[in-house]
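# Structural characterization, general
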Amino acid sequence: MLIALSWKNIWRNKKRSSIVIIALTFGLWGGLLSGAIMMGMGESVVNTAINRDLSHIQMHKPNYQSEKDVREFIANGPEIVIELKKIKNIKSVSGRTLIEGMAASPASTFGVKIIGVNPMDAETTTSISNQLIQGSYKELSKKNRIIIGEKLAKRLNLKLRSKVILSFEGIKESIVYNSCRVVGIFKTESTQFDEMNVFVNQKDLFRILDTEPIIHEIAIRLNSKKNIPEILNILKAKYKNLSIQSWEEIAPEIAFLSTSMENFTYLFVAIILFALIFGITNTMLMSIIDRIHEFGVLIAVGMKRIKIFTMVILETIFLSVTGGLMGMIIAFLTINYLSKVGIDLSIISASMESFGVGTMLYPMLPFSMYVALSIMIVLAANIAAIYPALKAIHIQPAEAIRTY
Amino acid sequence: MALIEITNLTKIYNTKTVPVYAVQNINMQISKNEFTAIVGPSGSGKTTLLNLIGGLDEFNEGKIVLDGIDISKLKENQLVSFRLKKIGFVFQAYNLIPVFTAKENVEFIMLLQGVSKAEREHRAVELLKDVGLEIKINTHPSQLSGGEQQRVAVARALASRPAFVLADEPTANLDSTSAESLLDLMEELNEKNAMTFIFSTHDPRVMKRARRIITLLDGKIDVNHMKS
Ligand SMILES: Nc1ncnc2c1ncn2[C@@H]1O[C@H](COP(=O)(O)OP(=O)(O)O)[C@@H](O)[C@H]1O
Ligand SMILES: [Mg+2]
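Residues numbered from 1 in each chain as written. Chains lettered and ligands numbered in written order. Predicted model: local features only at pLDDT ≥ 70, side-chain atom pairs only at ≥ 80, totals over all residues. Heavy atoms only, no water.

Turning our eyes to something else, we now look at the sheet that holds strand β10 (residues 220-226) of chain B. Residues and elements named next belong to chain B. On the basis of which strands lie adjacent, the open sheet formed by six strands has the order β6-β7-β8-β3-β9-β10 and mixed pairing. Two strands lie at the open edges of the sheet, namely β6 (87-90) and β10, each paired on one side alone. Direction aside, the axes of adjacent strands within the sheet are offset by 15° on average. Pairing between strand β3 (residues 35-39) and strand β9 (residues 212-217): four bridges, direction parallel. Across the sheet, residue Ala-37 finds its bridge partner in β9, namely Ile-213. Across the sheet, helix α5 (residues 146-159) touches β6 and β7 (164-168), and the angle it forms with β6 is around 170°. Where helix α6 (residues 176-193) meets the sheet, its contacts fall on β3 and β8 (196-201), and the angle it forms with β8 comes to roughly 155°. (Pairing = 2+ DSSP bridges. Helix = DSSP H or I, 4+ residues; strand = E, 2+ residues; numbered from the N terminus. Axes fitted to C-alpha atoms, helices over the stretch in contact; angles between N-to-C directions. Contact = heavy atoms within 4.5 Å.)

Take a look at the structure:
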């Protein structure tokens, strides 16, 4: 009956309650939607990076990442690649031969990371083959071919079919050269990536270095991000002397960006709620001042102050939760819709590109956010209710009832 | 032993300018089954006295013993429970919770007392029948006339089976017909159910219905008159 009373009480002044409810609804809707957009951006940065080159899991020789030395290759790399392909939930595996070198054209030279791939494996592991703006990925299977980024092409003034001279430190000789023909130009979301990375067939590298096949990095793509911990465990147990890392460990800055977006959303919503607390408090205070006489009667006839206190808290919670729920529902519907159709960012994409975000943005909000928010709303309601509730329990019945 | 025993009761309001002696050195006793009116001109201290008897306000001097209990010795929460159990209140106006129906208003008191739902509902209906409102059981206060609202208030006051009912100017906002019929109801409850009523008024027509009249003047008892 106390619950019914509280619920009925909030509808006594419909206009006043509606205003707070609408404020809460739109405040939270705006907060959640912006949060979802930010998180969608974070997710997009992550997925873009995973698709472009990170993949889900990478394996290296433990020293490789600090030394970046050609000699630090994975022992039995090609065999391991074959073994990995057989593991359940591993979608594809690409063994990469990595060399730091220089790319030179008649116009200029530039330091690049030469990524030697098995074109078939690389095609299923990363998305470069889909990001060619000119040329054909298939030609990479031929001898002495190279695929470069748009930015590097501009820098070195290269076109399709131009020649590039790659030079790098060899294993046996000091410096080796190879002349390659540009067969493809790619453009990813990151201009920095496009400038710094070139793709060649690893067979060319093996020949020039005069070595049996060597692999420095194995990129593993899983069926789903969810499989990462499970596969990590399997691989760590199986290949004890290799460094095996998830994308989060390889690119902590990207993982950080993604989690910061989530934290930022919490902060954002918390700030909105904090501002709304004042509105709720004010409304409840007005409502109590309107009902001083009634509270006086209730206290007089024997309603304990703790019950009065509870009633005010309940009223505030009902008011807040009604608005909060409405805000969450319309936010959920909007986000759900936008997460399917996406938001086209191409208008402002020029500035987003250097940031590593795709042009289509898919807002997203984890379910846990709604749960956490519900708790936050109830908490906020309790905070908002304290002052009005204290006011209500300190009503002096003899004074309040007096009609003079 | 009297139901209500008041000795040397004094209540002073500390206003900014001069202290107001709203109730001054009052001594009186009220027994079970009385039908007593506290009368006097406006400002004579009727409301103050009833509030003190009802344990709604603190006093400066004296003693109030209700049904054998010295209420100044009770703690805040005990006093609230005491009011809930022992005293029925009817105020001048706006007695009821507007969002509740007549029945819910009567039930609410019993809810506070922890009475079971079935018994609450049963008793609320009975009480509303007693006050002649069986057809308005599910009506909200705003749909009731002033007289009907006061009848619901009386039903609510009786719901907790109190030792006595305090009614501060219960007829002040009523027309004379409604006032008469409310008095009829109270009188009937007093005679049939032996319920003690102490009510205040400055209406001569209401006064003459009382069996005992205590007249206040400037916070002091002027006349204490028992009809034979
Ligand atoms: N809260 C208060 N502060 C100061 N004076 C008060 C207060 N309440 C009542 N009084 C004064 O106490 C006296 C008695 O008032 P009251 O008990 O209301 O009389 P009645 O009910 O007979 O009209 C009056 O002079 C009134 O002005
Ligand atoms: Mg009065």
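A few words now on the layout of surface pockets. Residue and element names in this part refer to chain A. Approximately 860 Å³ is the volume found for the largest pocket. Contributing to the lining of the largest pocket are 31 residues, with Arg-52, Asp-53, Phe-193, Asn-197 and Glu-253 lying nearest its centre. Looking at the lining of the largest pocket, the elements that each hand over two or more residues are α2 (14-54), β1 (57-60), α3 (64-67), β2 (90-104), β3 (109-117), α7 (191-196) and α11 (252-290). In terms of residue count, α2 provides more of the lining of the largest pocket than any other element does, five residues in total. Of the residues that constitute the lining of the largest pocket, the class distribution is 14 nonpolar, nine polar and eight charged. (1 Å grid on protein atoms, 1.4 Å probe; cavity = no way out; pocket = protein on both sides within 12 Å on 5 of 7 lines; lining within 4 Å. Points joined across faces, edges and corners; volume = space filled by probe spheres on them. Nonpolar A, V, L, I, M, F, W, Y, C, P; charged D, E, K, R; others polar.)

Around ligand 1 lies a shell of 15 residues, among which Glu-399 and Arg-402 of chain A together with Gly-43, Thr-47 and Thr-48 of chain B are the nearest. Looking at what sits near ligand 1, you find residues from chains A and B. At 2.7 Å, a side-chain N or O of Thr-47 of chain B approaches an oxygen atom of ligand 1. One nitrogen or oxygen atom from the side chain of Thr-48 of chain B is found 2.4 Å from an oxygen atom belonging to ligand 1. Starting from 560 Å² of accessible surface for ligand 1 in isolation, the protein chains cover 76%. Of the residues in the shell around ligand 1, the class split is five nonpolar, seven polar and three charged. (Near = heavy atom within 4 Å. Polar contact = N/O pair within 3.5 Å; in protein donor to acceptor, adjacent residues only side chain to side chain. Areas by Shrake-Rupley, 256 points an atom, 1.4 Å probe, with all protein chains shown as cover.)

On to helix α2 (residues 76-86) of chain B. Of all the positions in α2 of chain B, only Leu-79, Val-80, Ser-81, Phe-82, Arg-83 and Leu-84 of chain B are classed as buried. Where α2 of chain B is buried, its residues touch α12 (292-301) of chain A together with β4 (61-66), β5 (69-70), β6 and α3 (102-113) of chain B. (Buried < 20%, exposed > 50% of the residue type's maximum accessible area, 1.4 Å probe, protein only.)

Reports of interface size often rely on the accessible area that becomes lost once the parts have come together. Counting residues at the interface gives 25 residues for chain A and 30 residues for chain B. Summed over the three residues of chain A that lose the most area to chain B, namely Met-1, Val-301 and Arg-402 of chain A, the buried surface amounts to 26% of that side. At the junction of chain A with chain B, the criterion picks out two salt bridges. Its salt-bridge partner being Glu-104 of chain B, residue Lys-8 of chain A comes within 3.5 Å of it at the nearest N-O pair. At the junction of chain A with chain B, the criterion picks out nine residue pairs in polar contact (both at pLDDT 80 or more). Counting residues per element, the ones that place at least two in the side of chain A that touches chain B are α1 (2-10), α12, α13 (305-341) and α16 (397-401) of chain A. Considering each element in turn, the side of chain A that touches chain B owes the most residues, seven residues, to α12 of chain A. Here the side of chain A that touches chain B is built from residues that sort into 13 nonpolar, five polar and seven charged. (Buried area = accessible area lost by both parts, 1.4 Å probe. Salt bridge = Lys/Arg side-chain N within 4 Å of Asp/Glu carboxyl O.)

This part covers empty space enclosed by the protein. A complete count under the given rule lists four cavities of 30 Å³ or more for this structure. The computed volume of the largest cavity comes to approximately 50 Å³. Forming the boundary of the largest cavity are Val-301 of chain A together with Leu-84, Ile-87, Gly-88, Phe-89, Ile-109, Arg-156, Ala-157 and Ser-160 of chain B. Elements represented by at least two residues in the lining of the largest cavity include exactly β6 and α5 of chain B. Top element by residues in the lining of the largest cavity is β6 of chain B. It accounts for three residues. Across the lining of the largest cavity, the residue classes break down as six nonpolar, two polar and one charged. Forming the walls of the second largest cavity are Ser-176, Ala-179, Glu-180, Leu-183, Asp-203, Arg-205 and Val-206 of chain B. Contributing elements (two or more residues each) for the lining of the second largest cavity: α6 and α7 (204-207) of chain B.

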